[in-house]
Amino acid sequence: MIMKQELYGLILKGIGGFYYVKAGEAVYECKARGLFRKQSISPLAGDRVKLETEENQDAVITEIMPRKNVLTRPPIANLDQLAIVVASCSPAPNTLVIDKTIAAAENQGIAPILILTKTDLGQVQWLRDIYEPIGFPVVRVSSVTGEGIEQVKEVLKGKTTAFTGNSGVGKSSLLNRIDERLGLETGEISRKLGRGRHTTRQVELFALEDGGYVADTPGFSAIQLERYHVVKKEQLPYCFREFRPYLDQCRFPSCSHTCEKGCAVVQAMEEGKISRSRHDNYLALYQEVKDLKEWDKKGNAAL
Ligand SMILES: Nc1nc2c(ncn2[C@@H]2O[C@H](COP(=O)(O)OP(=O)(O)O)[C@@H](O)[C@H]2O)c(=O)[nH]1
Ligand SMILES: [Mg+2]
Ligand SMILES: [Zn+2]
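Visitor: Just checking my understanding: could you explain unusual backbone geometry for this structure?
Guide: Residues other than glycine predominantly adopt negative phi, and peptide bonds predominantly adopt the trans conformation. The linkage connecting R73 with the following residue, P74, adopts the cis geometry, with an omega of -5 degrees. Tracing the backbone shows P74 in the loop between β6 (70-72) and β7 (75-77). Here the amide bond leading from S90 into P91 is cis, since omega sits at -5 degrees, within 30 degrees of zero. Position of P91 relative to the elements: it lies in the loop between β8 (81-87) and α2 (95-107). For K118, which is not glycine, the phi torsion reads 60 degrees and is therefore positive. Looking at where K118 falls in the secondary structure, it is placed in the loop between β9 (111-117) and α3 (125-131). What makes K118 buried here is the crowd of 24 C-beta atoms within 10 Å. The phi dihedral of V124 falls on the positive side, at around 40 degrees, and the residue is not glycine. Summarising the element assignment, V124 is placed in the loop between β9 and α3.

Visitor: Honestly, the environment of E154 in this entry has me stumped. Any pointers?
Guide: Looking at the element boundaries, E154 is found in helix α4 (residues 149-156). A residue is classified by how many C-beta atoms lie within 10 Å of it, and E154, with 10 of them, is exposed. Along the chain, E154 and D210 lie 56 residues apart, while their C-alpha atoms are 9.1 Å from each other.

Visitor: Just to check I follow, could you spell out the packing of α2 against helix α9 (residues 276-290) for this structure?
Guide: Relative placement of two packed helices is described by the angle separating their axes and the distance separating the axes. Between α2 and α9, the least distance of the axes is 9 Å, while the angle of their chain directions is 70 degrees. It follows that α2 is roughly perpendicular to α9 by the angle criterion. Packed against α2, whose contacting residues are T95, L96, D99, K100 and A103, the element α9 presents S277, R278, N281, A284 and L285 at the interface. For the contact of α2 with α9, the class distribution of residues is four nonpolar, three polar and three charged.

Visitor: I tried to follow the site of ligand 1 on my own but got confused; where do I start?
Guide: The environment of ligand 1 is formed by 18 residues, the closest being G170, S172, S173, T186 and G187. Those elements that provide at least two residues to the shell around ligand 1 are α5 (171-178) and α6 (187-192). It is α5 that contributes the most residues to the shell around ligand 1, three residues altogether. Grouping the amino acids of the shell around ligand 1 by side-chain chemistry returns three nonpolar, 11 polar and four charged.

What counts, and where the lines are drawn
- Residues numbered from 1 in each chain as written.
- Chains lettered and ligands numbered in written order.
- Predicted model: local features only at pLDDT ≥ 70, side-chain atom pairs only at ≥ 80, totals over all residues.
- Helix = DSSP H or I, 4+ residues; strand = E, 2+ residues; numbered from the N terminus.
- Buried ≥ 20, exposed ≤ 12 C-beta atoms within 10 Å, placed from the backbone.
- Axes fitted to C-alpha atoms, helices over the stretch in contact; angles between N-to-C directions.
- Parallel < 35°, antiparallel > 145°, perpendicular 65-115°, else oblique.
- Contact = placed C-beta atoms within 7 Å.
- Nonpolar A, V, L, I, M, F, W, Y, C, P; charged D, E, K, R; others polar.
- Near = placed C-beta within 6 Å.

Take a look at the structure:
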């Protein structure tokens, strides 16, 4: 008879003090040791953990493995990619939210991908013109016509990806098209049929048929996102990847790349090598973080 067993697994979700951990093909309902609270680290979806199981007792998470990265909005660890979902219309795209989210991902070394939904309603070429030249993949999809669904499946294969974006952009609809087993609640279903099988109140990772994991996340409004500081001002310029080639060419070593004389970033923007929209959003984010006190910054390295 096995008395005590030690296992390694992946946290799929945490809810009400319980964590659901996938170890092999089984999912264990676990509690976490008080230990983590003392270290002010709480287990997150995406965490690789060590478990102890004992007969007739709750399984317990005893250790969190070192994280390769972590986001606070959405709260998740160890992502390969962050899929930033934007609707071509309804709700209208907001480039400040997009750039803030991209910066948070870049700051953690997570690859941002843009997914442009509702292409049946509009095409928004101007968004592609901003993001494709910088090297961000922009996948266009419609959950109505099926456009781009296969392409998204390809992008997700074998990777761990969180979907983020304002509520109503079509995240859950898209994920349902990718894998119908997910049965995520969408705007329409909740109105017409009541609750779907899964509501998106917390982050939950799902194993995909073709390998890899996806997390649907609760939608955040642009205003909610405003409350989360992106990155420290020293790191912010590096989180705008197209600024990087210019950063050591400014006249002043302390250049903030906002308005200084001899700023190579501003000059590149004026010459059309950096998009005005991206630089404008850099200015807005810089204003947000420039006066933060140290204690304000703590724990806010991610979005
Ligand atoms: N026209 C159109 N509507 C869509 C599309 N995807 C989602 N919707 C609608 O947009 C609303 C919000 O979708 P939902 O998936 O719940 O968005 P979420 O909040 O981002 O998860 C629902 O009424 C969907 O039916 C699409 O590709 N085209
Ligand atoms: Mg949803
Ligand atoms: Zn500069």
